[in-house]
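# Overview (structure and organization)
Chain residues, written in single-letter form:
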Amino acid sequence: MTGGARKEGLSRRHRFAGRGAFMAALRSPRKIRGTASLLHILPGVPGASRLGLALPKRLARRAVDRNRLKRLAREVFRRHEAKRLGLDLVIAPRQAFARGDAAAWVAEVGALLDRVAAER
RNA sequence: GAAGCAGGCCGGACGGUCGCCGUAUCGCAGUUCGCGGUGCGGAGGAAAGUCGGGACUCCACAGGGCAGCGUAGCGGGUAACUCCCGUCCGCCGCGAGGCGCGGAUCAGAGGAACAGAGACGAGUCCGUCGGGCAACUGGCGGGGUGAAACGGCCAAUCUCUACGCGGAGCAACACCAAAUAGGCAGACGACGACGCGGCCCGCCGAGUCUGCGGGUAGGUGGCUAGAGCGGCGCGGCAACGCGCCGCCCAGAGGAAUGAUCGUCGUAUCGCCGCGAGGCGAUAACAGAAUCCCGCUUACAGGCUUGCUUCACAU
C-alpha cells in the first residue's frame, strides 16, 4: 500500500479472501438493522474496508439476480466513504427483493453504509 | 397472394466517463507481496437442467463365468452415446412431411377389463343326429358376446438371444505450508522419585532445546491450444472423413465481465398530427466454474433457404 489507490477503485483488497474472515465477520456481535437486511461489522485491515454479501439461494433463485444484487452493492460501496474505514462488512438480506426493483436495493445499501460512517 | 411443412442464422450497434479480472510491457518499491501508467483479451445459444457419452485424475483389477444394469429392424458415422445420417416396415396427414422402447414365442413361468354359457384351463349355452329307462355320453352345425373362442394375443411381466458396461469424481488429484494442540527421536535436566542410597553410577522424570513426520487455516499447480474455429479442395446420397492455408478465442476462485451518459436502430403500447411524421414508456430467456460431443427445457423480436396445398394472372 505504498502508492495511493484510485479514489473510486475497488480492487481485490476490498473483497474477502477465503472463507475464514467472512465467517468471522458474520459471527460478529456488532450489527446494524436496515429495513430489509442486516449489516454485520468487524474491525479489519486499517485503511481498506472489505464488503461481502451473505445471499442465500432461497432469496434469489437465479444466478443472474444474485450477481446483480452483488454488483449493485459493490457499485454503491466503491463510491462511499465507508470504504476507507477499515471495517469488514457483510450485508445479509432478510427478504427477497422483487425482480427489477433495483432502486430499493441501492437505497437500502446506501442507507446502511451512511449509518456505519456516521457512527465513526 | 393466403394457409402450411422442414431447416439455417441473429439475439441491438457505435462512442465517452468511473470501475473490475487476466496478460504483456514500462516506472516506483526493489527479495517477494504490492502500487501506478499503457497496449491487448474478457459470458451464452442455451453458459441452464445435470439426462446420455467421453477426455483427464485417484482407487480397485490374473483369466473366464454367474448375477445386475443398459441397448434393440437393417446399414453407416463417431473418441463414445440413449446422439446423428441413410433406408425398410407400421400408423397419421390431400400434400410438403410427422410419429414409432420396431429382436425372438423354438424352452419355461405369468397375464387378459367389460360383455359372454365359457377367456387360456378346456370345454358345451342353443339346434340337430345317434346310444341309453335315466343321469349321462358321442358326432355335426349354428347364433350371440368380445380385441381375441382347441386357435391365437401380450415380451412397456419375468424370460430367451445378441452386443456393451469396474468405482468415485476437479470439493478429483499433486505440491508448499503458519498459529495452536498432540505424536516420534535425540540432548540437557531440579539437591525430585526409585535402586539398603550419603558420594559415584544406573534408571524414571515435570520442563527446556533441537530435529522429524502427519495435518488445519492459507497458498500454488491442475486451468485452458482444443475430438478447437474459419476458409478452400477432394471423397461420400448424407451424417462425416481426408488434405492444404489462416487464426488464438474468458480463465474467476465468497468467485471478474459492472455502473452511467450520448448518438443511431428494431418491435409493442400511449398521446399529438389530415398526412409524411413527432414525443414518451417498455424490451425475451438468462451469467462461464476442469474441458469437450450430444439430448432436453426456456426465449421479446427479427433475417433467410427449400418445399407443399389452394387461389389469381400470363
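Please refer to the structure higher up on the page.
We now turn to the structure provided with this report.

Conventions and cut-offs
- Each chain has its residues counted from 1, following the order in which its sequence is written.
- The naming scheme follows written order: chains are lettered A onward, ligands numbered 1 onward.
- A pLDDT threshold of at least 70 governs which residues receive local features in this predicted model, and a stricter bar of 80 or more applies before side-chain atom pairs are shown or counted, although totals over entire chains, interfaces and linings include all residues.
- The side-chain numbers reported here are obtained from all heavy atoms of the structure, hydrogens and water having been left aside.
- Secondary structure elements are defined from DSSP: runs of H or I of at least 4 residues count as helices, runs of E of at least 2 residues count as strands, and each element is numbered from the N terminus.
- The cut-offs for exposure are 20% and 50% of the maximum accessible area for each residue type, with area from a 1.4 Å probe on protein chains only; residues under the lower value are buried, those over the upper are exposed, and the others partly exposed.
- In what follows, residue pairs with any heavy atoms lying within 4.5 Å of each other are defined as contacts.
- Each accessible area is a Shrake-Rupley estimate made with a 1.4 Å probe; only the visible protein chains count as cover when residues are assessed.
- Only buried Ala, Val, Leu, Ile, Met, Phe, Trp, Tyr and Cys residues count toward a nonpolar core, and they belong to the same one when joined by side-chain atoms within 4.5 Å.
- The span expected for a helix works out to 1.5 Å for each residue beyond the first.
- Of the grid points, spaced at 1 Å and generated over the protein atoms alone, those admitting a 1.4 Å probe that cannot get out make up cavities, while open sets with protein on both sides within 12 Å along at least five of seven lines make up pockets; any residue with an atom within 4 Å of a point is treated as lining.
- Grid points are joined across faces, edges and corners, and a volume is the space filled by probe spheres set on the points.
- Any residue outside Ala, Val, Leu, Ile, Met, Phe, Trp, Tyr, Cys, Pro, Asp, Glu, Lys and Arg is labelled polar, Gly included; the first ten of those are nonpolar and the last four are charged.
- Counting of polar contacts relies on pairs of N or O atoms within 3.5 Å, with two restrictions inside protein: one atom must be capable of donating a hydrogen and the other of accepting it, and residues adjacent in sequence are counted only when both atoms are side-chain atoms.

## Digging into the overall build of chain A
- The helix and strand tally for chain A stands at three helices and four strands.
- Listing each helix as α and each strand as β along chain A from the N terminus yields α-β-β-β-α-β-α.
- Looking at chain A as a whole, 40% of its 120 residues are labelled buried.
- Residue pairs in contact within chain A that sit at least 24 positions apart in sequence constitute 80% of those at least 6 positions apart.
- Of the roughly 7,400 Å² of accessible surface on chain A, a fraction of 50% belongs to carbon and sulfur atoms.

## A word on the nonpolar core
- Membership of the largest hydrophobic core comes to 21 residues, with the highest contact counts inside it found for L39, I41, L89, I91, W105, V109 and L113.
- When contributions to this core are tallied by element, the ones reaching two or more residues are β2 (37-43), β3 (50-53), α2 (63-78), β4 (87-93) and α3 (102-119).
- Beyond its immediate sequence surroundings of up to four residues, I91 is in contact with S37, L38, L39, L51, G52, L53, A54, W105, V109 and L112.
- If you look at the next biggest cluster of nonpolar residues, it comprises seven residues, including A25, L38, V90 and A92.

## What to know about α3
- The first and last C-alpha atoms of α3 sit 26 Å apart over 18 residues, in line with the 26 Å expected at 1.5 Å per residue.
- Residues of α3 that are buried: W105, E108, V109, G110, L112, L113, V116 and A117.
- In this fold, the buried residues of α3 make contact with β1 (30-33), β2, β3, α2 and β4.

## Points about empty space enclosed by the protein
- All chains considered together, the criterion is met by one cavity of 30 Å³ or more.
- The calculated volume of the largest cavity comes to roughly 40 Å³.
- Grouping the amino acids of the lining of the largest cavity by side-chain chemistry returns seven nonpolar, one polar and no charged.

## Topic: the environment of R62
- For R62, the location among the structural elements is in the loop between β3 and α2.
- By relative accessible area, which is 35% here, R62 ends up partly exposed.
- A C-alpha to C-alpha distance of 26 Å links R62 and L113, two positions 51 residues apart in sequence.
- Of note is the side chain of R62, whose polar atom sits 3.0 Å from the side chain of D65.

Purely geometric numbers; function is a separate question.
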